[in-house]
Amino acid sequence: MLLKEKEIEALYFLRQFPRSKVAVSFSGGKDSLVALHLAYRAGIRRAVFSDTTIESQKVIEFVKEVGTLFGIRIDIVRPRKSFWELIPFLGIPSVHNRWCCPTIKFQQLNEYAKKYGIKYYITGLRKDESLFRKEYEKIGTNPMLPYIIQLNPIIDWSEKEVWEYIKKYELPVPPGYKNGLLRNGCVICPYKSPKELEKVKKLEPEIWKKFEDFLNLYAHVFGIPNKEEFVRSGWRSWRPPTRRKVVGKIKIINNKNKIELTNGLEKRDFKLLKIINKEKLNDLKKIKILIEKELNCIGCGACLSLCPADALHINEMGVIDVDIKKCTHCYECLNSSKLRGGCVGRNYGLEIFVVEY
Ligand code: SF4
Ligand code: SF4
């Protein structure tokens, strides 16, 4: 198919969805830029950029520049807790410890969608970007955007066609590529190759210096051998040591929402237990999940998006809480198939408190 035909097909596809419920999730990369331009031609005027707090300042400037060029506002959203606030609790974001996407990328996109009634995010995903993406379709879902449908208008485009389109419409070339990078995105990413990391380090020395300070600290605290290699690129495959710590056994007091943990240290009302219907108070598996969520909560806000009734919030103490008047007891917030296990603190904390039953 010729590029012109692909463009027409993409425009026809995008025009099928109600504009008021669609936004472009713009990443500042080349594919995303093409998706944004197509969306603009299809009459869509809302776009959002998720600043993970480890973005290149050049990319953020580029996002603003594109907004001005297109004459649209690209909202920039940031996470409740930055990468730098979370790393002391969750450790190095390696391929075996991927806490970063749900907390610093998708959490704010979910909140943005909720605020503006967005049901569809347009992306620049393409099949030939990676083997994993071969399975993607034009309309898809993402377990980290539980109530959003993803529209991928250039899913079948090649990289060559993307560059051809950018040239044809005289779009600005995103930063990064000019400096020999293969993609934009988080400066710190365990999926970057060692070669690409070396380039990024030169381009973003301040962010890297800050990160290397953490790497040195972790290498010291965890007694990691070959510290130099760990700091250079070995951190990408870091496996955190066993971190589960049993803090007690569940004992229900007077069939009420009061749980005694048999270590004798905890005897309190767990707020989240109100989520369980009274008749299910003997469902110890659900009780365990909710108690552990509460014990391990770091206030990242990632799980708020799991609740279709908007009943979850982060309270004044900075931890998860429920507005029981809104709760429909659907138990989606216990669903571990989304958000990489349903709760970031409970799955990725450097020390995870668990209860037995
Ligand atoms: S309960 Fe878990 S996912 Fe939800 S805010 Fe707390 S740590 Fe984050
Ligand atoms: S049970 Fe359903 S409605 Fe209640 S807090 Fe959990 S996700 Fe929300």
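Refer to the structure presented above.
Since we're looking at a predicted model, the values are computed, not measured. (Residues numbered from 1 in each chain as written. Chains lettered and ligands numbered in written order. Predicted model: local features only at pLDDT ≥ 70, side-chain atom pairs only at ≥ 80, totals over all residues. Heavy atoms only, no water.)

(A) Looking closely at the overall build of the protein. The secondary structure content of the protein amounts to 11 helices and 12 strands. Taken over the C-alpha trace, the protein has a radius of gyration of 22 Å; the compact-globule value for 357 residues is 21 Å, and the two agree within 12%. Projected onto the principal axes, the alpha-carbon positions of the protein cover approximately 70 × 50 × 35 Å. Of the contacts made within the protein by residues no fewer than 6 positions apart, 69% connect residues no fewer than 24 positions apart. (Helix = DSSP H or I, 4+ residues; strand = E, 2+ residues; numbered from the N terminus. Rg over C-alpha atoms; globule rule 2.2 N^0.38 Å. Contact = heavy atoms within 4.5 Å.)

(B) A look at the pairing of strand β1 (residues 22-25). In β1, alternate side chains face the same way, and those of Val22 and Val24 on one face and Ala23 and Ser25 on the other are all buried. Direction of pairing for β1 relative to strand β4 (residues 120-122): parallel, over a ladder of three bridges. Bridging from a neighbouring strand, valine 22 pairs with tyrosine 120 of β4. Bridge count for β1 against strand β2 (residues 47-50) is two bridges, and the pairing is parallel. Bridged to valine 24 within β2 is alanine 47. Handedness of the crossover joining β1 and β2 through helix α2 (residues 30-41): right-handed. (Buried < 20%, exposed > 50% of the residue type's maximum accessible area, 1.4 Å probe, protein only. Pairing = 2+ DSSP bridges. Right-handed = clockwise from strand over helix to strand, strands pointing away.)

(C) Representation of helix α3 (residues 57-70). In this model α3 runs 20 Å from its N-terminal to its C-terminal C-alpha over 14 residues, within 8% of the 20 Å that 1.5 Å per residue would give. By the burial criterion, the buried members of α3 are Val59, Ile60, Phe62, Val63, Val66, Gly67 and Phe70. Along the axis of α3, the buried positions cluster into a sector of 155°, meaning they face one direction only. Exposed residues pointing more than 90 degrees away from the buried face of α3 are listed as Thr68 and Leu69. The inward-facing, buried residues of α3 contact α2, β2 and β3 (74-77). For α3, the side-chain oxygen to backbone nitrogen distance between the N-cap and lysine 58 is 3.1 Å, and the N-cap itself is serine 56. Glycine 71, located one to two residues past α3, shows a positive phi value of around 70°. (Expected span 1.5 Å × (residues − 1). Arc of directions from axis to C-beta. Polar contact = N/O pair within 3.5 Å; in protein donor to acceptor, adjacent residues only side chain to side chain.)

Purely spatial values, then, with no claim about function.
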